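Structural characterization, general
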Amino acid sequence: MMQKAANVPPRKTSASSFLTTFRQLADSVGPEAAPGLRWSLAGLIAAAAFQGFGLAAIAPLFTAAATDPDLSRALIWFGVMIALMGTASGLRWFAQGFDFDGRMVRATWRLRGQLGAKLREIPLEQLQNKRAGELNSMVLGNVDENLLYALTVLNLVFTAIVTPLCAAIGIVMFDWRLGLLLLMIFPAIVPLYRWRRPALGRGKRILGQAHQEASADVLEYTQGLPILRAAGRAGEKAEKLSQTFHKLESIQAFGHRKGAKPNIIVASVVELGLVAVLGLGVWLVVAGSLHPATLGAVFVIVVRLSEPLSTFILYTAMLEVMEAALERIGALMATKPLPQTEPAQVPKEFGIQFKDVNFTYAQGDGQAISGFNADLPERSLTALVGPSGCGKTTLTRLLLRHFDPQNGAVTIGGVDLRQIPADRINGLISVVFQDVYLFNDTVLANIRMGRPEATDEEVRAAAKAAQCLDFIERLPQGWQTPLGEIGGRLSGGERQRISIARALLKDAPIIVLDEPTAALDTESELAVQRALDALVSQKTVIVIAHRLSTIVGADQILVIEDGTLMQAGKHADLLAKGGRYARMWAAQGAVKKWSVAS
Ligand SMILES: Nc1ncnc2c1ncn2[C@@H]1O[C@H](COP(=O)(O)OP(=O)(O)OP(=O)(O)O)[C@@H](O)[C@H]1O
């Protein structure tokens, strides 16, 4: 069964949707290439028209050659035909020059760059709702579908529509009866086309979405293979992947089935129309009002036109693929970044405040954070504790402005985050996560990511402070070892220390630590702990902690439950007060004893 695509916009069915496609195309190649592209399209249309008139010139040429003993008229028509056909070839050559010059390739490159820039400014909540594979297929596949083949597809469409139309108009001038009959084929096709195009468009959109989903599934499957194999679930997930492929196959089969009937109808209408033209021609010859040579010429023209005319719906299907891709790209480009309120301000101090913050995820059920107030003084260490799902990560994401609270405000140094330019917020905060992402580049470049303008010496100093030197020197090519190849061979603690070295290099005044040592063995934890000590000194630090033993020294512990602040204070005070924290502490102590005893 065909599934209906989500968010499929209502579609226009007239020639204006062609114009919309051209406009979208011109938008996506950008202002520098757009005039060239317009000329190129005009050139292709003109070439198709000249080719049509050139074909029509065969009729007077044949007639003159057969009826006029003086060959000069035939030669003139021959010259006219050659001139028209030659102009058509010249124009097509000029129009395709846009492609030959590599301008389409450059426009593709430029559009990819723009999509990349867009990805940088899209609110992270929206970005994280999209799957990596879907984005990958949009930035690579859709851009290619949209641009690289655009002129080839449009050339086919014009040749299928404009050339027969102009040939028919040309024949009208020579023999109005045959010409008019030929022209009548077009009004017969238009309603068929108008009936067919919206369904084609929908089909291509659904197919496009299915491709994106399949691409996302393949990416996730290959990335998750080590975990799936370890869990013995690789087969189970492969089953899911094959279901995705099966869905894709049934959508394609459905599209082919649906497409076949109208294509056959259009082809039949065209063939019947052309047979009618020839029938009329034969009748006129028999009646003595048409020379057999003219009929011969019309026969040649009709044979030449029948194929593009009957397959033009197939070509417009390619246009639909292009338009569906353009729409997906347009939707991504239209996503707005989080607004910045004026006047823009950059904080001079780095204490953090959460003031009456309420936050609900767009796709969440209920408030993730409610009525949250907290004051995190500059250069203090604050620990966030609480059960899984209580809202610790959400608080740090609010601080990083992945999204804005629906009510209340988060401030740094008294400045509302909404007033701070986005790139400055990134510069103010370093985050060290439990999972470290290593880029496919050298060790040196991976650490330099923290501050791209840092000198080699500064990178090395940060790596030293982050306790990285011992393992970097053991790597086969030392600092120049590409981490894409051996990243998986680094231990969790080593990866963690690379990430701390990046943060040290960045030297941001605020540090967020998302349980960096939770998954490490004791020896690694000690090394990472030393690296962290170097990182956090003199900084405003927020630590998300599950193991309370790691945060007993915190200046302040915030105990959170269901998005609300339950208790705040130092370890000893909270223990003395009793309540939620004291119970968590006792429970963790019990777990420890149990694990020792077992
Ligand atoms: N993108 C999202 N969309 C909808 N709801 C979300 C989203 N991310 C988190 N939530 C929900 O918000 C609540 C708070 O989640 P959060 O990740 O902040 O908790 P946490 O305390 O960090 O949990 P953990 O310790 O397990 O990491 C949870 O109920 C979670 O299910």
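The residue numbers shown here count from 1 along each chain, following its written sequence. Per-residue local features are limited, in this predicted model, to residues with pLDDT of at least 70; the limit for side-chain atom pairs, both in listing and counting, is 80 or more; totals at the level of whole chains, interfaces and linings are taken over all residues. Excluded from the side-chain calculation are hydrogens and water; included are all heavy atoms of the structure.

Per an unreviewed UniProt entry, the recorded name for the protein chain is ATP-binding cassette subfamily B protein, and the organism is Yoonia maritima. Within the UniProt record for the protein chain, the comment given under Subcellular location (unreviewed entry) is "Cell membrane". UniProt positions are given in the numbering used here, feature names are shortened, and annotations may be inferred rather than shown by experiment.

Focus on the site of the ligand
Every one of the 13 residues lining the ligand counts as a neighbour, but Ser388, Gly389, Lys392, Thr393 and Thr394 are closest to it. With respect to the ligand, the backbone of Cys390 contributes an N or O atom lying 3.2 Å from an oxygen atom. In the environment of the ligand, an oxygen atom lies 2.4 Å from a nitrogen or oxygen atom belonging to the side chain of Thr393. In these tables, accessible area is a Shrake-Rupley quantity obtained with a 1.4 Å probe, and a residue counts as shielded only by the protein chains included in the view. In isolation the ligand offers 640 Å² of accessible surface; the protein chains occlude 62% of this area. We call Asp, Glu, Lys and Arg charged. Ala, Val, Leu, Ile, Met, Phe, Trp, Tyr, Cys and Pro are nonpolar, and the rest, Gly among them, are polar. Classifying every residue of the shell around the ligand by side-chain character gives 4 nonpolar, 8 polar and 1 charged. Any residue with a heavy atom positioned within 4 Å of a molecule or strand is treated as near that molecule or strand. We call two N or O atoms a polar contact when they sit within 3.5 Å, provided that within protein one can donate a hydrogen and the other can accept it, with sequence-adjacent residues counted only if both atoms are side-chain atoms.

Focus on the UniProt feature "transmembrane region" (unreviewed entry) in the protein chain
When the UniProt feature table is mapped to this numbering, "transmembrane region" (unreviewed entry) covers residues 41-62, 74-94, 147-172, 178-195 and 264-287. With 100% helix and 0% strand, the stretch residues 74-94 has end C-alpha atoms that lie 30 Å from each other. Here a helix means four or more residues in a row that DSSP labels H or I, a strand means two or more in a row labelled E, and each is numbered from the N terminus.

As for the pattern of salt bridges
The rule for a salt bridge is simple: a side-chain nitrogen of Lys or Arg has to be within 4 Å of a carboxyl oxygen of Asp or Glu. One pass over the full model with this rule turns up 11 salt bridges. For Arg177, the salt bridge goes to Asp175, with nearest N and O atoms at 2.9 Å. Arg177 gets classed as partly exposed once you look at its relative accessible area, which sits at 24%. Of the charged contacts in the structure, one is a salt bridge between Arg401 and Asp404, with a shortest N-O distance of 2.7 Å. Any residue under 20% of the maximum accessible area for its type is buried, any over 50% is exposed, and the rest in between are partly exposed; the area is computed with a 1.4 Å probe on protein chains only.

Examining the sheet that holds strand β2 (residues 369-376)
Think of a sheet as strands paired side by side through backbone hydrogen bonds, with each pair either parallel or antiparallel. Taken in spatial order, the 4 strands make up an open sheet running β2-β1-β4-β5, and their pairing is antiparallel. Across the chains shown, the open sheet's two edge strands, defined by having one partner strand only, are β2 and β5 (415-416). Pairing between two strands requires that DSSP report at least two bridges joining them. Taken together, the 5 bridges between strand β1 (residues 352-359) and strand β4 (residues 407-412) define a ladder with antiparallel strand orientation. Within the sheet, the bridge partner assigned to Ile352 lies in β4 and is Ile412. Lying over the sheet, helix α13 (residues 392-399) contacts β1, β2 and β4, oriented at roughly 115 degrees with respect to β1. The contact definition used throughout considers only heavy atoms, calling two residues in contact when any of these lie within 4.5 Å. Helix axes use the C-alpha atoms of the stretch in contact, all axes being lines fitted to C-alpha atoms, and the angles between their N-to-C directions lie in the range 0 to 180 degrees.

Details of the pairing of strand β10 (residues 564-569)
For strand β9 (residues 556-561) and β10, the ladder comprises 5 bridges, and the chain directions are antiparallel. Following the sheet pairing, Leu558 is matched in β10 by Ala568. Hairpin geometry of β9 and β10 is characterised by an intervening segment of 2 residues between the two adjacent antiparallel strands and by a positive phi of about 45 degrees at Asp562.

As for helix α16 (residues 456-465)
Regarding α16, the residues found buried are Val459, Ala462 and Ala463. Down the axis, α16 shows its buried residues gathered within 100 degrees of arc, on one side only. Of the residues in α16, the exposed ones pointing more than 90 degrees away from the buried face are Glu457 and Lys464. Against the buried residues of α16 lie α15 (443-448), α17 (469-474) and α19 (492-506). Looking at the residues trailing α16, positive phi occurs at Gln467, about 60 degrees. Starting at the helix axis, one direction is taken to each C-beta atom, and the arc is that of these directions.

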